[in-house]
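Here is what each chain is made of, one letter per residue.
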Amino acid sequence: MTDRARCAVPFCRRTASVDEGFRDGEFLCGPHWRLRSPATKAAWRDHARLERRNPGHAMEHPAGSAGRLVRVALAKEERALWEATRAEVVEVAMGVSA
Ligand SMILES: [Zn+2]
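Along each chain, residues carry numbers from 1 onward, in the same order as the chain's sequence is written. With pLDDT at 70 or above as the cut-off, local features in this predicted model cover only qualifying residues; side-chain atom pairs require 80 or more to be listed or tallied, and sums for whole chains, interfaces and linings still use all residues.

What am I meant to see in the nonpolar core here?
Across soluble globular proteins, you tend to see nonpolar side chains buried next to one another. Take the buried Ala, Val, Leu, Ile, Met, Phe, Trp, Tyr and Cys residues, join any whose C-beta atoms are within 7 Å, and the set you get is a nonpolar core. Three exposure classes are used, based on other C-beta atoms lying within 10 Å of a residue's own C-beta, which is placed from the backbone: buried for 20 or more, exposed for 12 or fewer, and partly exposed in between. Counting six residues, the largest nonpolar core is built from Cys7, Ala8, Val9, Phe27, Leu28 and Val89. Among residues more than four places away in sequence, those in contact with Val89 are Val9, Leu28, His32, Leu35 and Arg36. For the purpose of contact definition, each residue receives a C-beta atom placed from its backbone, and two residues are in contact when these atoms lie within 7 Å.

Right under this line is the structure:
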(Lines give C-alpha, C1' and ligand atoms only; values in the text may rest on other atoms or scores of the structure.)
Protein backbone atom coordinates (compact mmCIF):
# COMPACT_ATOMS: atom_id res chain seq x y z
CA MET A 1 0.00 0.00 0.00
CA THR A 2 1.28 3.49 -0.80
CA ASP A 3 1.20 6.30 1.76
CA ARG A 4 -2.26 6.83 3.20
CA ALA A 5 -3.45 9.70 5.41
CA ARG A 6 -5.81 8.92 8.28
CA CYS A 7 -9.17 10.58 8.98
CA ALA A 8 -9.04 13.24 11.75
CA VAL A 9 -11.40 11.25 13.98
CA PRO A 10 -9.41 9.09 16.44
CA PHE A 11 -9.70 5.34 15.79
CA CYS A 12 -11.41 5.88 12.43
CA ARG A 13 -9.84 3.37 10.06
CA ARG A 14 -10.65 5.20 6.83
CA THR A 15 -7.77 6.72 4.89
CA ALA A 16 -7.17 8.85 1.80
CA SER A 17 -4.33 9.10 -0.68
CA VAL A 18 -1.35 11.26 0.27
CA ASP A 19 -0.66 11.58 -3.46
CA GLU A 20 -4.00 13.38 -3.83
CA GLY A 21 -2.93 15.95 -1.22
CA PHE A 22 -4.55 14.49 1.90
CA ARG A 23 -2.51 14.73 5.10
CA ASP A 24 -2.72 12.67 8.27
CA GLY A 25 -5.48 14.00 10.55
CA GLU A 26 -6.11 16.93 8.20
CA PHE A 27 -9.27 15.66 6.54
CA LEU A 28 -12.50 13.86 7.43
CA CYS A 29 -13.64 10.70 5.66
CA GLY A 30 -17.05 10.75 3.93
CA PRO A 31 -19.18 9.34 6.76
CA HIS A 32 -17.50 11.65 9.31
CA TRP A 33 -17.66 14.71 7.01
CA ARG A 34 -21.44 14.16 6.87
CA LEU A 35 -21.72 14.51 10.68
CA ARG A 36 -21.37 18.31 10.42
CA SER A 37 -24.18 20.34 11.95
CA PRO A 38 -26.53 22.22 9.58
CA ALA A 39 -24.89 25.51 10.62
CA THR A 40 -21.42 24.19 9.81
CA LYS A 41 -22.61 22.83 6.46
CA ALA A 42 -24.03 26.26 5.66
CA ALA A 43 -20.72 27.90 6.62
CA TRP A 44 -18.84 25.60 4.21
CA ARG A 45 -21.40 26.35 1.47
CA ASP A 46 -20.93 30.10 1.97
CA HIS A 47 -17.15 29.66 1.98
CA ALA A 48 -17.24 27.64 -1.25
CA ARG A 49 -19.38 30.30 -2.92
CA LEU A 50 -16.91 33.05 -1.97
CA GLU A 51 -14.06 30.91 -3.33
CA ARG A 52 -15.89 30.47 -6.63
CA ARG A 53 -16.47 34.22 -6.86
CA ASN A 54 -12.81 34.97 -6.14
CA PRO A 55 -10.87 32.47 -8.24
CA GLY A 56 -7.11 32.01 -8.27
CA HIS A 57 -4.47 31.48 -5.59
CA ALA A 58 -3.56 34.48 -3.41
CA MET A 59 -0.08 34.66 -4.95
CA GLU A 60 -1.53 35.01 -8.47
CA HIS A 61 -2.81 38.45 -7.47
CA PRO A 62 -0.48 41.46 -7.12
CA ALA A 63 0.62 42.28 -3.56
CA GLY A 64 -1.84 44.58 -1.80
CA SER A 65 -4.51 44.16 -4.48
CA ALA A 66 -8.12 43.53 -3.53
CA GLY A 67 -7.91 40.05 -5.08
CA ARG A 68 -4.89 39.13 -2.95
CA LEU A 69 -6.49 40.43 0.25
CA VAL A 70 -9.72 38.52 -0.37
CA ARG A 71 -7.85 35.26 -1.07
CA VAL A 72 -5.68 35.65 2.04
CA ALA A 73 -8.79 36.27 4.14
CA LEU A 74 -10.49 33.23 2.57
CA ALA A 75 -7.47 31.02 3.36
CA LYS A 76 -7.59 32.16 7.00
CA GLU A 77 -11.32 31.57 7.12
CA GLU A 78 -10.91 28.07 5.70
CA ARG A 79 -8.30 27.21 8.34
CA ALA A 80 -10.58 28.43 11.15
CA LEU A 81 -13.59 26.68 9.63
CA TRP A 82 -11.63 23.46 9.35
CA GLU A 83 -10.44 23.61 12.98
CA ALA A 84 -14.01 24.24 14.20
CA THR A 85 -15.42 21.50 11.95
CA ARG A 86 -12.85 18.95 13.09
CA ALA A 87 -13.55 19.73 16.77
CA GLU A 88 -17.30 19.51 16.21
CA VAL A 89 -17.21 16.23 14.28
CA VAL A 90 -14.75 14.56 16.66
CA GLU A 91 -17.06 15.48 19.56
CA VAL A 92 -20.09 14.00 17.79
CA ALA A 93 -18.22 10.90 16.63
CA MET A 94 -16.70 10.21 20.04
CA GLY A 95 -19.92 10.99 21.91
CA VAL A 96 -18.42 13.87 23.90
CA SER A 97 -21.02 16.28 25.27
CA ALA A 98 -19.95 18.45 28.15
ZN1 LIG B 1 -13.53 8.98 9.63
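We are not done yet, so read on.
What's the story with the domain arrangement of the chain in this structure? I'm lost.
When the parts of a complex come together, some accessible area is lost, and that lost area is often taken as the interface size. Either an automatic procedure or a domain database provided the assignment from which the domain bounds are taken. Domain annotation of the chain identifies domain 1 (1-34) and domain 2 (36-98). Using only C-alpha atoms to locate each centre, domain 1 and domain 2 end up separated by 19 Å. With seven residues of domain 1 in contact, the opposing surface of domain 2 contributes six residues. Residues that form the side of domain 1 that touches domain 2 fall into these classes: five nonpolar, one polar and one charged. Residues were grouped as follows: Ala, Val, Leu, Ile, Met, Phe, Trp, Tyr, Cys and Pro as nonpolar; Asp, Glu, Lys and Arg as charged; and all remaining residues, including Gly, as polar.

Is there a simple way to think about the packing of helix H2 (residues 38-53) against helix H3 (residues 66-94) in this case?
Each packed pair of helices is defined by two parameters, the angle between the axes and the distance between the axes. An axis is simply a line fitted to the C-alpha atoms; with a helix, the fit covers only the stretch in contact. Between two such axes, the angle follows the N-to-C directions and lies from 0 to 180 degrees. In DSSP terms, a helix is any run of H or I states spanning at least four residues, a strand is any run of E spanning at least two, and both are numbered starting from the N terminus. At a minimum axis distance of 11 Å, the contact between H2 and H3 shows a crossing angle of 160°. With respect to each other, H2 and H3 are oriented roughly antiparallel. Two packed elements cross with a definite hand, and for H2 against H3 that hand is left-handed. Residues Thr40, Ala43, Trp44, His47, Leu50 and Glu51 of H2 form the contact with H3, whose participating residues are Leu74, Glu77, Glu78, Leu81, Thr85 and Glu88. Among the residues making up the contact of H2 with H3, the classes are represented as five nonpolar, three polar and four charged. Here is the rule for angles: anything less than 35 degrees is roughly parallel, anything more than 145 is roughly antiparallel, 65 through 115 is roughly perpendicular, and the remaining ranges are oblique. By the definition used in this description, the sense in which the near helix is turned from the far one sets the handedness, with an anticlockwise turn below a right angle giving left-handed and a clockwise turn giving right-handed.

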